[in-house]
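Spelled out, the chains give:
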Amino acid sequence: MITPVLLCGGSGTRLWPLSRKSYPKQFSALVGDTSLFQASAQRLSGKGFSAPMVLTNSDFRFIVTEQLSEIGIDPGAILIEPAGRNTAPAVLSAALWLEESDPNALMLVAPSDHVVPDTVAFQAAVTAATPAAEAGKIVTFGITPDRPETGYGYLELEAAPNGGAVTPLRRFVEKPDAKTAGDMLAAGNFLWNAGIFLFSVKSILAAFRKHAGDLIKPVQTSILQGKTDLGFFRLDPAAWDGAQDISIDYAVMEKADNLVVMPFAAGWSDLGGWDAVWKETGPDAKGVATSGNATALDCENSLLRSEDASLEVVGIGVKDIITVAMPDAVLVADINRAQDVKNAVAALKEKSAKQATAFPKDHRPWGWFESLVVGDRFQVKRISVLPGAALSLQSHHHRSEHWIVVEGTAKVTIGDEEKLVSENESVYIPLGELHRLENPGKVPMVLIEVQTGAYLGEDDIIRYEDVYARD
């Protein structure tokens, strides 16, 4: 059996405003009806695969379990990284964890934000690469290039790919300039580096001990001193801080002498920018790609997307333009400047704009909320609570709240009183009163919350009980 290891702790900025620090691109449905994370989990499931192992951070832990539950996948271990330390410590922690239960297991390590349209072809490539991994080789997957791409790293093979057989790796190549990329495409023995690896636990641990031995102690200690938290395992923060921030390519792969490459030519994208999303969305004959809530009139070579069902985007006579509209932010950019979107995020951070990092919907373990209207002394929110979920038992120093249920039924605790509140009914929570909100039903419960008070920040919460063990 192969254990998939999904890496999903990153927060991409090149797909802003849809991808933000609080809700990055891997959890969004950029292409198709499922999120990139869900599509990755489905691609690495079925015959020959065990339950996926997930590496993520504390903010995303409940999003991970919710999205896996939505597609009917029960995860294996979910390791919580205390801080981002790049891919080398993450992969090492997964290998050390698996070593305890099955030191001969195979690991398939993959980012969770890539697009691979042909699952059958990808699983066939994994099957073809398995004998090499079982024999002690470290297998990396190389994508057959279809253009002289300057945004990807490359793998130089010892010889041109030979069908579906693994080929020895000569070297890793950094992102090239346009001329070098063209030369490599013409040479025929260069593939894009997808950052996907297949190896045994024993082989990768031997490589770490040989080439990155200084990582072993802090990562191993972070496991030994870690703790179980609900259905997750939190790596110890103090030990984890001692691990170098380094990618697995730099730490191990560029030094190892037992690497081979499995070519893959059935389509792949890392969705590294809106130009890549435009290509994957499938532009029409005029090069125009739109979402359901976008309309293009006499446009060319453009991407028009609305990420809000109530917001229509209309383009008239535009050419080479990316337009992405969110409820709180709109991106308009030249399609040839797609990689510069990260610079816009940096500029927004400089001016302390919350849109730089905060997603309009604030996802919580129990569901989500979004602010609809904000005034000096009031705020109106829409709150959606998952079936069977409950907010913490809490109180506020500075605000009172009115709750109006608009979908489903709420179980409400106010002080010593507990009651059911049905659709089109409301309750009032006085300032300072102990209260809790629950959804006892089998469908999401939605309510409108009107807050009034001198201070309406999210940090004005005193928690007394919390089923999600939040501080």
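Residues numbered from 1 in each chain as written. Predicted model: local features only at pLDDT ≥ 70, side-chain atom pairs only at ≥ 80, totals over all residues. Heavy atoms only, no water.

For the rest of this paragraph, the subject is the pairing of strand S8 (residues 190–200). For S8, a buried count of ten out of eleven residues is recorded, marking the element as mostly surrounded by other parts of the structure. Of the pairings in the sheet, the one linking strand S4 (residues 106–111) to S8 comprises four bridges and is antiparallel in character. Following the sheet pairing, Val 109 is matched in S8 by Phe 197. Note: strand S5 (residues 138–143) against S8, four bridges, orientation antiparallel. Following the sheet pairing, Ile 143 is matched in S8 by Trp 192. As judged from the three bridges shared by strand S6 (residues 154–157) and S8, these two strands associate in the antiparallel manner. Looking at the pairing, Leu 155 lines up with Leu 191 of S8. (Buried < 20%, exposed > 50% of the residue type's maximum accessible area, 1.4 Å probe, protein only. Helix = DSSP H or I, 4+ residues; strand = E, 2+ residues; numbered from the N terminus. Pairing = 2+ DSSP bridges.)

Once that is clear, we can look at the nonpolar core. Leu 108, Val 139, Phe 141, Leu 198, Trp 274 and Leu 437 are the most contacted members of the largest nonpolar core, which has 91 residues in total. Among the elements that make up this core, the one with the highest residue count is helix H4 (residues 119–134) (six residues). The next biggest cluster of nonpolar side chains, apart from the first, holds 46 residues, and it includes Ala 88, Leu 169, Phe 208 and Leu 259. (Core = buried A, V, L, I, M, F, W, Y, C linked by side-chain atoms within 4.5 Å.)

On to the UniProt feature "domain: Mannose-6-phosphate isomerase type II C-terminal" (unreviewed entry) in the protein chain. According to UniProt, the feature "domain: Mannose-6-phosphate isomerase type II C-terminal" (unreviewed entry) maps to residues 355–466 in the numbering used here. Helix makes up 0% of residues 355–466 and strand 56%, and the two end C-alpha atoms of the span are 29 Å apart. (UniProt positions renumbered as here; feature names shortened; annotations may be inferred.)

What follows is about the side chain of Asp 249. Inspection of the secondary structure puts Asp 249 in helix H9 (residues 248–253). Although buried, Asp 249 forms no salt bridge, and the nearest oppositely charged side chain, Lys 175, lies 11 Å from it. The residues touching Asp 249, leaving out its near neighbours within four places in the chain, are Phe 172, Asn 193, Phe 197 and Glu 254. (Lys, Arg positive; Asp, Glu negative; His and termini not counted. Salt bridge = Lys/Arg side-chain N within 4 Å of Asp/Glu carboxyl O. Contact = heavy atoms within 4.5 Å.)

Enumeration over the complete set of coordinates arrives at 20 salt bridges. A salt bridge links Arg 170 to Glu 156; the shortest N-O distance between them is 3.0 Å. One end of the pair, Arg 170, is in strand S7 (residues 167–173); the other, Glu 156, is in strand S6, with 14 residues separating them in the sequence. Looking at Arg 170, the relative accessible area reads 43%, which means it is partly exposed. A relative accessible area of 8% means that Glu 156 is categorised as buried. A salt bridge links Arg 234 to Asp 229, with the nearest nitrogen and oxygen atoms 2.6 Å apart. A residue is classified by how much of its surface remains accessible, and Asp 229, at 12% relative accessible area, is buried. Salt bridges sharing common partners tie together Glu 156, Glu 158, Arg 170 and Arg 171.

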